[in-house]
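As a plain string of letters, each chain reads:
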Amino acid sequence: MTSLSASLVRGALLSPFKRAGRPDAALPPDRPTRPATPVAPGPLAAYGRICGFTESGALPLTYPHVLAFPDTMRLMTGRAFPLPVLGLVHTWIEIAPHRPVEPTEPLELTVYAQELNPHRRGTEVTMTTEARVAGELVWESRSGYLSRHAPRRPESDPASTPSAAEAGANLPAATASSAGRPAAASPEELPARAEWSLPGDLGRRYGAVSGDRNPIHLYPLTARLFGFPRAIAHGMWTAARCLAETQDPAAVRTVRIDFRAPVLLPATVTYAADAAGDAFALRGPGDRVHLVGAVNRKG
């Protein structure tokens, strides 16, 4: 059993004993760190192929998140983590690549739980990942995971719903700011750029590459145990596939992606974006929006 699979099993066993929304809940102070290690070329090539990245030399924008995910899961499935891992929903991710990272550079990865916030649908935890080369911070990300439960505050209370701006307040400057730019088109208005047919086994194939074998992504039967009629695509696959279309990734300062609705497999989806891929969306039948994204560039 892989370390990530073991974490999922441990999380499943501990989840019934955790109660989300406790007012005295505290996050664990642990900061698991993977020692500096060069990236294995075989898994990297397989990841690039399934997500549509070209072999440009530098790591794909999303790959450090994948490398650190086993440590993230170990932290989130530990006894000290206050939320049950079963049912956690990945709601958004922000990525700040401070410079391109070459696969041959030994990459040190650190993960930690940054903050716990009330949400109109429950409680949201922010997980942070940092990548360093010889002590230099070269890449970082923040992800929001929602534990659904009856909120402690009325839904009409604005304090119970962090805004997108608040969620990005701790990333480097120029995060998802539209100051000085024309208003972005809505996800439904963005022009279609490509149509992708996603096979029913996409979750199993991506899980084999990423190590994320969450049952909701594998088979209709295992997905139904968690309330889905069929297996759903990994949110991070949809994010990576969209970012693979972005022009000049070396010029990216920050990326923000919000996951809005799961993609049931098999599926046909439409990638829609502006000319540079700086505002993009993934849409399904009936223009249902699965995710929206925004890229901010340097200079």
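On a predicted model such as this, the values are computed, not experimentally measured, just so you know.

Calculation notes
- Residues numbered from 1 in each chain as written.
- Predicted model: local features only at pLDDT ≥ 70, side-chain atom pairs only at ≥ 80, totals over all residues.
- Heavy atoms only, no water.
- Buried < 20%, exposed > 50% of the residue type's maximum accessible area, 1.4 Å probe, protein only.
- Helix = DSSP H or I, 4+ residues; strand = E, 2+ residues; numbered from the N terminus.
- Pairing = 2+ DSSP bridges.
- Patch = residues over 30% accessible without salt bridge, like charges linked within 9 Å, V, L, I, M, F, W, Y side chains within 5 Å.
- Areas by Shrake-Rupley, 256 points an atom, 1.4 Å probe, with all protein chains shown as cover.
- Salt bridge = Lys/Arg side-chain N within 4 Å of Asp/Glu carboxyl O.
- Contact = heavy atoms within 4.5 Å.
- 1 Å grid on protein atoms, 1.4 Å probe; cavity = no way out; pocket = protein on both sides within 12 Å on 5 of 7 lines; lining within 4 Å.
- Points joined across faces, edges and corners; volume = space filled by probe spheres on them.
- Nonpolar A, V, L, I, M, F, W, Y, C, P; charged D, E, K, R; others polar.
- Axes fitted to C-alpha atoms, helices over the stretch in contact; angles between N-to-C directions.
- Parallel < 35°, antiparallel > 145°, perpendicular 65-115°, else oblique.
- Left-handed = near helix turned anticlockwise from the far one by under 90°.
- pLDDT = per-residue confidence, 0-100.
- Polar contact = N/O pair within 3.5 Å; in protein donor to acceptor, adjacent residues only side chain to side chain.
- Core = buried A, V, L, I, M, F, W, Y, C linked by side-chain atoms within 4.5 Å.

Right, let's talk about the pairing of strand 10 (residues 289–297) for a bit. Of all nine residues in strand 10, eight are buried; the element is thus mostly enclosed. Note: strand 7 (residues 252–259) against strand 10, seven bridges, orientation antiparallel. Following the sheet pairing, Thr254 is matched in strand 10 by Asn296. Here strand 9 (residues 279–283) pairs with strand 10 via five bridges, running antiparallel. Looking at strand 10, one finds that Ala281 is bridged to Val292. Count of turn residues in the strand 9/strand 10 antiparallel hairpin: five residues, of which Gly286 carries a positive phi of about 70°.

On the surface, Leu86, Leu225 and Phe226 cluster together to form a nonpolar patch covering roughly 290 Å² of accessible area. Within the secondary structure, Leu86 sits in the loop between helix 3 (63–76) and strand 2 (89–97).

This paragraph deals with the environment of Ala272. Along the polypeptide, Ala272 turns up in strand 8 (residues 267–273). Residue class for Ala272 comes out buried when judged on its relative accessible area of 0%. Between the C-alpha atom of Ala272 and that of Glu188, which follows or precedes it by 84 residues, the distance is 8.5 Å. Non-local contacts of Ala272, meaning those with residues more than four positions away in its chain, are made with Leu190, Pro191, Ala192, Arg193, Ala279, Phe280, Ala281 and Arg283.

Enumeration over the complete set of coordinates arrives at one cavity of 30 Å³ or more. As for the largest cavity, its lining consists of His65, Thr72, Met127, Thr129, Ser141, Ser143 and Tyr145. Elements that contribute at least two residues to the lining of the largest cavity include exactly helix 3, strand 4 (122–133) and strand 5 (136–148). Examining the composition of the lining of the largest cavity, we find that three residues originate from one element, strand 5, more than from any other. Within the lining of the largest cavity, the residues separate by chemical class into two nonpolar, five polar and no charged.

What follows is about the packing of helix 2 (residues 41–51) against helix 7 (residues 235–243). Direction vectors running N to C along helix 2 and helix 7 enclose 80°, while the axes themselves pass 9 Å from each other. Accordingly, the angle class assigned to the pair helix 2 and helix 7 is roughly perpendicular. Within the contact between the two elements, helix 2 uses Tyr47, Ile50 and Cys51 and helix 7 uses Trp237, Ala240 and Arg241. In the contact of helix 2 with helix 7, the residues fall into five nonpolar, no polar and one charged.

Now for the packing of helix 2 against helix 5 (residues 202–210). Across the interface, helix 2 lies against helix 5 with an axial gap of 9 Å and an inter-helix angle of 155°. If you check the angle between helix 2 and helix 5, you find them roughly antiparallel. Judged by the twist between their axes, the crossing of helix 2 over helix 5 is left-handed. The segment helix 2 lies against helix 5, with Pro43, Ala46, Tyr47, Ile50 and Cys51 engaging Leu202, Arg205, Tyr206 and Val209. Of the residues that constitute the contact of helix 2 with helix 5, the class distribution is eight nonpolar, no polar and one charged.

For the protein chain, per-residue confidence averages 85 on the pLDDT scale, and 81% of positions sit at 70 or higher. Counting interchain partners and residues more than four positions distant, the pLDDT-below-50 stretch residues 172–182 has 18 contacts.

Our focus in this paragraph is the sheet that holds strand 5. Taken in spatial order, the 10 strands line up as 1-3-4-5-2-7-10-9-8-6 in an open sheet, and their pairing is antiparallel. The open sheet has two edge strands with one neighbour each: strand 1 (33–37) and strand 6 (192–198). On average, adjacent strands in this sheet sit at an angle of 15° to one another, irrespective of strand direction. Sheet analysis places strand 6 next to strand 8, joined by six bridges and oriented antiparallel. Bridge pairing in strand 8 places Ala192 opposite Ala272.

Structurally, Arg297 can be placed in strand 10. Within the structure, the side chain of Arg297 is placed 3.0 Å from the backbone oxygen of Asp248, a separation counted as a polar contact. At a separation of 2.8 Å, a polar atom in the side chain of Arg297 contacts the side chain of Asp278.

Below, the discussion takes up the environment of Leu265. With respect to the helices and strands, the residue Leu265 is situated in the loop between strand 7 and strand 8. According to the relative accessible area criterion, Leu265 is buried, its value standing at 3%. A sequence separation of 33 residues divides Leu265 from Ile232, and the C-alpha atoms of the two residues are 5.5 Å apart. Residue contacts for Leu265: discarding those within four places in its chain leaves Leu198, Pro199, Gly200, Leu202, Gly203, Arg230, Ala231, Ile232 and Ala233.

Attention now moves to the nonpolar core. Membership of the largest hydrophobic core comes to 48 residues, with the highest contact counts inside it found for Leu107, Ile257 and Phe280. In terms of residues, this core owes the most to one element, helix 7, which gives six residues. For Ile257, the contacting residues outside a window of four places in its chain are Thr91, Trp92, Ile93, Ala239, Leu243, Phe280, Leu291, Val292 and Gly293.

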